[in-house]
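# Examining the three-dimensional arrangement
Listed below are the residues making up each chain.
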Amino acid sequence: MIEYGLLGKSLTHSFSKSIHSQIDDYDYTFIEKQEQDAKEFIKSREFKGINVTMPYKKTVLEFCDELSNTAKKIGCINTLINKNGKLCGYNTDYYGIIRMIEKSQIDIKDKKVLILGSGATSDTAREAAEYLGASKITFVSRKGNIKFDDYDKFYDSEIIINCTPVGMYPNNLKILVDIEKFNNLQGVCDVIYNPVKTRLLIEAEKKGIKTSNGLIMLVAQAVKAAELFTGKKYDANIEDKIIENLKKNISNIVIIGMPGSGKTTIGKEISKISGKKSVDIDEIIERETGKDISQIFRDYGEEYFRQKEKEVISRIGKENNQIISTGGGSILDYENYLSLKQNSRIYYIKRPLDKLAVDGRPLSSGGINVLEKLYEQRHSLYENFADFEIDNDNIERTSADIWREFNENFGA
Ligand SMILES: Nc1ncnc2c1ncn2[C@@H]1O[C@H](COP(=O)(O)OP(=O)(O)OP(=O)(O)O)[C@@H](O)[C@H]1O
Ligand SMILES: O=C(O)C1=C[C@@H](O)[C@@H](O)[C@H](O)C1
Ligand SMILES: [Mg+2]
């Protein structure tokens, strides 16, 4: 008999095991099953309580002996409790979505809300938006009445809630709408939690719009589910603690800066103090091409190098819990910004031009004048990319300061 767990078709992406282990001391198992086996498992009642995720949140309804009012109204469940053989269904995602909106201080009252998608989570978001007093709720989706192609009729929307998996790992950086077109936008929520920030959120944030990702929702629905599992009431700040822990663990530290300013050296040093894995974009390019950076520039030219750099940054930026040292020119491409920003806090390290290392660096050779020109072209790009700027006057001290700053801000 399983104590507690999560039932779904594919669970490799889920953080639920880690979250539940931080809430209380019970066994929480991943139960990955195809549809027929999932139904058999529920009929067997061989569990005390489970969460249910995609694509079974509606499938499970027919096996419930009782539904909470919210679950009944929304028409899907994510928590199933076995009360002496009787299966009772609840929807704690509803509570999670409300927490996500409230914690990000997005005010939905009397606002026009656009919900992307028409699955179980969209139904839950609709109920939450109604509860919070939205004046108008519109769904756009692939299958519903209003298709994505027609979303231009809703450019006056004030709040967007993405309930589709578009932009979720491994299809990072995909986006359904053009944020620029919405002139009255005040808040954007995305139920996706991997990456930490989807392109939708990065672009909204850049415009100064309030945003929230799906981590808050995920943790809040888990705490509510745990209360149903154990009958206990958990401390109000448990959500914040778990969110902080998760964010610190999954977030990367990205280091940008002029060629030869110490990015690789500092990346390796922070890796030592943090336990996060160190990766260096230039080293990966060298390994994969079998040539060093100056050979690549000489044999194939800068354009080839930039293309390869973009490809490596796109691949590495999707992953978690790393220290990523970049090459000095990574900031020349906006797509690199999106790839790096989605899971990371970005640090711009600065070092006086006359102290920059130049050996083996094709764009830095030619003396101080060349470096000055390069700096003129790039320094505002470094500043635009960066979440934090720091002088590198001492490798150990700079590394320790970056690690401290990262922890104070909980990562990405
Ligand atoms: N604060 C510092 N004091 C003294 N030497 C330093 C300092 N920071 C970096 N260095 C030295 O500068 C050299 C260049 O460092 P590193 O290779 O880490 O730079 P980088 O920014 O990764 O360069 P690139 O842009 O080519 O990738 C190394 O020899 C490193 O030891
Ligand atoms: O990805 C996950 O781990 C989950 C996602 C949501 O469906 C939740 O409703 C579920 O409880 C857990
Ligand atoms: Mg380097």
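Conventions adopted
Residues numbered from 1 in each chain as written. Chains lettered and ligands numbered in written order. Predicted model: local features only at pLDDT ≥ 70, side-chain atom pairs only at ≥ 80, totals over all residues. Heavy atoms only, no water. Domains from an automatic or database assignment. Pairing = 2+ DSSP bridges. Helix = DSSP H or I, 4+ residues; strand = E, 2+ residues; numbered from the N terminus. Axes fitted to C-alpha atoms, helices over the stretch in contact; angles between N-to-C directions. Contact = heavy atoms within 4.5 Å. Near = heavy atom within 4 Å. Polar contact = N/O pair within 3.5 Å; in protein donor to acceptor, adjacent residues only side chain to side chain. Areas by Shrake-Rupley, 256 points an atom, 1.4 Å probe, with all protein chains shown as cover. Nonpolar A, V, L, I, M, F, W, Y, C, P; charged D, E, K, R; others polar. UniProt positions renumbered as here; feature names shortened; annotations may be inferred.

## Brief notes about the domain arrangement of the chain
The parts lose accessible area when they come together, and the size of an interface is often stated as this lost area. Parsing the chain into structural domains produces domain 1 (2–92 + 218–235), domain 2 (95–215) and domain 3 (251–408). Centre-to-centre, using C-alpha coordinates, domain 1 lies 44 Å away from domain 3.

## Overview of the sheet that holds strand E14 (residues 322–325)
With parallel pairing, the five strands of this open sheet are ordered in space as E13-E14-E12-E15-E16. A single partner strand is all that each edge strand has here, and the edge strands are strand E13 (277–280) and strand E16 (388–391). Strand-to-strand twist of the sheet, defined as the mean angle between neighbouring strand axes without regard to direction, takes the value 25°. Pairing of strand E12 (residues 252–256) with strand E15 (residues 344–350) involves five bridges; the strand directions are parallel. Residue Asn252 lies in a different strand from E15, and its bridge partner there is Ser344. Each of E12, E15 and E16 is contacted by helix H15 (residues 395–408), which is oriented at about 150° to E15, the strand it contacts most.

## What to know about the site of ligand 2
Close contacts around ligand 2 come from Leu6, His13, Ser14, Ser16, Asn51, Thr53, Lys57, Asn78, Asp93, Tyr193, Leu218 and Gln221, and that covers them all. Within the side chain of Asn78, a nitrogen or oxygen atom sits 2.9 Å from an oxygen atom of ligand 2. Tyr193 places a polar side-chain atom, nitrogen or oxygen, 2.7 Å from an oxygen atom of ligand 2. Its free accessible area being 310 Å², ligand 2 has 92% of it covered by the protein chains. Classifying every residue of the shell around ligand 2 gives three nonpolar, seven polar and two charged.

## Structural notes on the UniProt feature "binding site: substrate" (unreviewed entry) in the chain
The UniProt entry lists Asp282, Arg306, Gly328 and Arg378 under the feature "binding site: substrate" (unreviewed entry), expressed in the numbering used here. Turning to its location among the elements, Gly328 is positioned in the loop between E14 and helix H13 (334–341). Setting aside chain neighbours within four positions, we find Gly328 in contact with Gly257, Met258, Pro259, Lys263, Arg378 and Tyr382. For Arg378, the position within the fold is in helix H14 (residues 368–385). Those residues in contact with Arg378, other than ones at most four positions away along the chain, are Pro259, Arg306, Gly328, Gly329, Ile331, Leu332 and Leu363.

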